[in-house]
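Here's the letter readout for the chains.
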Amino acid sequence: MKFFIDTANISQIKEANDLGILDGVTTNPSLMAKEGIKGEENILKHYVAICNLVGKNVSAEVISTDFEGMITEGKKLAALHPAIVVKVPMIKDGIKALKWFSDNGIKTNCTLVFSAGQAIMAAKAGANYVSPFIGRIDDASWDGVQLIEQIVHIYGNYGYKTEVLAASIRNPLHIVRCAEAGADVCTCPLDSILGLLKHPLTDIGLEKFLADHKKGQQ
Ligand code: E4P
């Protein structure tokens, strides 16, 4: 399973990238705003900075909601760096745009996916990635991971090439459950990635090993 980090924060991206296990980055307009990045020029520069840092799979979202606007924006984003993946919302014009990008060799991530039907449409339109938002589904008291299982099953039935990118991850258990469900990618906040490392028995065991080593040296 690929690991993407879900943030526009450069120091967090750097920290995850330094671990050597990072495969990409997802951003969205809310995450960009959270970092205080305003104005088209600054936004585009920020995407380039992320691409230069990570070198692959950087999702940058279009703001337009009409076909022509999405194509114009997507072409501009894709021209920034070969690592750019154009993020397109799951709406009617978004489907048309995904098909156009797919026909014209521009990589895409279909975002704001909350049902298997939407995921089928994204795959039919040739999206490279489909992003079901599992945390937001859990927030609405449904089971987001069940949607991942359903999409993985359906894509397997037909050999769709679209990769299932589990998004809106809230904790390390989400990552483990998405891996069990067969997600191709998880995009996660840094603390959820680091949370995978934690186990009290590891800490207790290491403390004991180091103490025994010290005793042996006396
Ligand atoms: C995915 O690409 C989105 O940026 C993200 O995962 C949304 O997560 P949230 O529900 O925590 O905002």
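These notes cover the structure that comes with them. The residue numbers shown here count from 1 along each chain, following its written sequence. This being a predicted model, a pLDDT of at least 70 is required before a residue's local features are given, and a value of 80 or more before pairs of side-chain atoms are given or counted; all residues contribute to the totals for chains, interfaces and linings. Think of the side-chain values as coming from all heavy atoms in the structure, minus any hydrogens and water.

### Section: the packing of helix α8 (residues 144–158) against helix α9 (residues 172–181)
- To obtain each axis, a line is fitted to C-alpha atoms, and for helices this fit is confined to the stretch in contact; angles are then taken between N-to-C directions over 0 to 180 degrees. Under the scheme used here, helices are H or I runs from DSSP no shorter than 4 residues and strands are E runs no shorter than 2 residues, and both carry numbers assigned from the N terminus. Following both chains from N to C, one finds α8 and α9 inclined at 20°, their axes separated by 9 Å at the closest point. In terms of orientation, α8 and α9 fall into the roughly parallel class. Relative to α9, the crossing made by α8 is right-handed. Contact residues: α8 offers V145, I148, E149 and V152, while α9 offers H174, R177, C178 and A181.
- When residues are grouped by polarity, Ala, Val, Leu, Ile, Met, Phe, Trp, Tyr, Cys and Pro land in nonpolar, Asp, Glu, Lys and Arg in charged, and all others, Gly among them, in polar. Taken together, the residues of the contact of α8 with α9 sort by class into five nonpolar, one polar and two charged. In what follows, roughly perpendicular refers to angles from 65 to 115 degrees, roughly parallel to angles under 35, roughly antiparallel to angles over 145, and oblique to any angle outside these ranges. Handedness of a crossing follows from how the near helix is turned relative to the far one, being left-handed for an anticlockwise turn of less than a right angle and right-handed for a clockwise one. Residues count as neighbours in contact if any of their non-hydrogen atoms are within 4.5 Å of one another.

### A look at α9
- A simple rule labels every residue: compare its accessible area, found with a 1.4 Å probe on the protein chains alone, to the largest value its type can have, and call it buried under 20%, exposed over 50%, or partly exposed in between. Every buried residue of α9 is accounted for by H174, I175, C178 and A181. When α9 is viewed along its axis, its buried side chains cluster within an angular range of 125° and face the same direction. Turned more than 90 degrees away from the buried face of α9, the exposed residues are L173 and E180.
- Tucked into the core, α9 has its buried residues touching β1 (2–6), α7 (134–139), α8, β7 (163–166), β8 (185–188) and α10 (190–195).
- Just beyond α9, the residue with positive phi is G182, at close to 90°. In this description, one arc is meant: the one made by directions from the helix axis to the C-beta atoms.

### What to know about the pairing of strand β5 (residues 108–113)
- Of all the six residues making up β5, five are buried; the element is thus mostly covered by neighbouring parts of the structure.
- For two strands to be treated as a pair, DSSP must find no fewer than two bridges joining them. Taken together, the four bridges between strand β4 (residues 84–89) and β5 define a ladder with parallel strand orientation. Following the sheet pairing, V88 is matched in β5 by C110.
- Considered for its hand, the β-α-β crossover made up of β4, helix α5 (residues 92–103) and β5 is right-handed.
- Bridging between β5 and strand β6 (residues 129–132) involves three bridges; their strand directions are parallel. Counterpart to V113 in the pairing with β6 is P132.
- For a crossover, the right-handed case is the one in which the path from the first strand over the helix to the second runs clockwise, viewed with the strands pointing away from the viewer. Once the chain exits β5 it traverses helix α6 (residues 116–124) before rejoining the sheet at β6, and the crossover so formed is right-handed.

### Thoughts on the layout of surface pockets
- As defined here, a cavity is a set of points on a 1 Å grid over the protein atoms alone where a 1.4 Å probe fits but cannot get out. A pocket is an open set with protein on both sides within 12 Å along at least five of seven lines, and residues line them when an atom is within 4 Å of a point. Grid points are joined across faces, edges and corners, and a volume is the space filled by probe spheres set on the points. Empty space within the largest pocket amounts to approximately 390 Å³.
- If you list the elements that add at least two residues to the lining of the largest pocket, you get α2 (29–34) and α10.
- The element contributing the most residues to the lining of the largest pocket is α2, with three residues.
- Residues of the lining of the largest pocket, tallied by class, amount to seven nonpolar, nine polar and seven charged.
- Forming the boundary of the second largest pocket are P29, M32, E40, I43, L44, Y47, E61, I63, T72, E73, K76 and L77.
- Sorting the residues of the lining of the second largest pocket by element identifies α2, α3 (40–54) and α4 (67–80) as the ones contributing at least two each.
- Partitioned by chemical class, the residues of the lining of the second largest pocket number seven nonpolar, one polar and four charged.

### Some remarks on the packing of α3 against α4
- Between α3 and α4, whose axes approach to 9 Å, the crossing angle comes to 45°. Considering their axes alone, α3 and α4 lie oblique with respect to each other. For the element pair α3 and α4, the recorded crossing hand is right-handed. Facing α3, whose interface residues are E40, L44, Y47 and V48, α4 presents K76, L77 and L80.
- In terms of residue class, the contact of α3 with α4 is built from five nonpolar, no polar and two charged.

### What to know about the site of the ligand
- Around the ligand sit D6, T26, N28, L31, K87, F133, R136, A167, S168 and R170, and that is every residue in its neighbourhood.
- N or O atoms closer than or at 3.5 Å make up a polar contact, with two conditions inside protein: a donor-capable atom paired with an acceptor-capable one, and, for residues adjacent in sequence, both atoms drawn from side chains. Taking K87, its side chain carries an N or O atom lying 2.6 Å from an oxygen atom of the ligand.
- In isolation the ligand offers 350 Å² of accessible surface; the protein chains occlude 84% of this area. Whether a residue is near a molecule or strand is decided by its heavy atoms; if any one of them lies within 4 Å of it, the residue is near. Surface accessibility follows the Shrake-Rupley procedure with a 1.4 Å probe radius. Residue values consider only the protein chains on display as shielding.

Nothing here speaks to function; it is all geometry.
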